[in-house]
Amino acid sequence: MGQEIEKKFLVVSDAWKQHVTKSVKLRQGYLCGNKSASVRVRVSDEQADLNIKSATLGVQRQEFEYSIPAADAHDLLESLCHHPLIEKIRHFVPVGNHLWEVDVFEGDNAGLVVAEVELEHAEQEPAIPPWAGEEVSHDPRYYNTSLVQHPYKDW
């Protein structure tokens, strides 16, 4: 079984920018979502994936991801996914022993910047950088599935 354990934080300053090691543009959409799971299509600079993730609140969720042809992913995004699509630039920022992902949202979610860190186990406490503010791991408003239905611009 696939497992994702991550914590999510609001970003409170631009200090992370000087430590970025890589950035990728992401476009993603949701084919469906319900109380138990979501099914996502994502296209990045490098690949296309189909992702199934449990709808559990918190830091630990089941996750399964499969590579798919980029042409299929683009067709799914345009024809079958709920809109607006999630568009963001993901920046990779090393902090201590972890690689943080800082997502700068675009489109209907412009202005939202969140940082995520993947963990080995739910009790693990990563070093929190000074540019990471309030933890929002348990706040469903910040889940991408929620941002499709209730974009940041409407908050």
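I will try to describe carefully the structure that is included in this document. Along each chain, residue indices are assigned from 1 in the same order as the chain's sequence is written. For this predicted model, a pLDDT threshold of at least 70 governs which residues receive local features, and a threshold of 80 or more governs which side-chain atom pairs are given and counted, while totals over whole chains, interfaces and linings are taken from all residues. Computation of side-chain values: all heavy atoms of the structure, hydrogens and water removed.

### With respect to the nonpolar core
Selection rule: Take the buried residues of types Ala, Val, Leu, Ile, Met, Phe, Trp, Tyr and Cys, join any two whose side-chain atoms come within 4.5 Å, and each joined set is a nonpolar core. Here's how the labels work: a residue is buried when its accessible area is under 20% of the maximum for its type, exposed when over 50%, partly exposed in between, all with a 1.4 Å probe on protein chains only. Numbering of helices and strands runs from the N terminus, with a helix taken as a DSSP run of H or I at least four residues long and a strand as a DSSP run of E at least two residues long. Whether two residues are in contact is decided by their heavy atoms: any pair within 4.5 Å suffices.
By size, the foremost hydrophobic cluster in this structure holds 13 residues, and its most contacted members are V11, W16, V93, W100, V102, A115 and W131. With three residues, the single largest contributor to this core is strand β1 (residues 3-11). Setting aside its immediate chain neighbours within four residues, W131 contacts L10, V11, V12, S13, A15, W16, V93, V95, W100, V102 and A115. In this structure, L10, I86, L112 and L147 belong to the second largest nonpolar core, which totals 10 residues.

### Overview of the pairing of strand β7 (residues 98-105)
Quick note on the threshold: Note on pairing: two strands pair once DSSP finds at least 2 bridges between them.
Summarising burial for β7: six of the eight residues are buried, a large majority. As paired elements, strand β6 (residues 86-95) and β7 share eight bridges and run antiparallel to each other. Across the sheet, V93 pairs through a bridge with W100, a residue of β7. Once β6 ends, the chain turns through two residues before running back antiparallel as β7, passing G96 with a positive phi of about 60°. Both β7 and strand β8 (residues 113-118) contribute to a ladder of five bridges, which runs antiparallel. Looking across to β8, one finds that V104 is bridged to V113.

### A short note on the environment of K153
Put simply, the rule reads: Polar contact is defined as a pair of N or O atoms within 3.5 Å, subject to the rule that within protein one atom must be able to donate a hydrogen and the other to accept it, and that residues adjacent in sequence are counted only when both atoms are side-chain atoms.
Along the chain, the position of K153 falls in the segment after α2 (144-149). Residue K153 is classed as exposed on the basis of its relative accessible area of 51%. Separated by 69 residues in sequence, K153 and P84 place their C-alpha atoms 12 Å apart. A distance of 3.2 Å separates polar atoms of two side chains, one belonging to K153 and the other to D154.

### A word on the pattern of salt bridges
Spelled out, the test is: Here, a salt bridge means any Lys or Arg side-chain nitrogen found within 4 Å of an Asp or Glu carboxyl oxygen.
The full count for this structure, using the stated rule, is 15 salt bridges. Between K53 and E63 there is a salt bridge, with the nearest N and O atoms lying 3.8 Å from each other. Remark: E63 occurs in strand β5 (residues 60-67) and K53 occurs in strand β4 (residues 48-54); sequence separation between them is 10 residues. For K53, a relative accessible area of 11% corresponds to the buried category. A residue is classified by how much of its surface remains accessible, and E63, at 19% relative accessible area, is buried.

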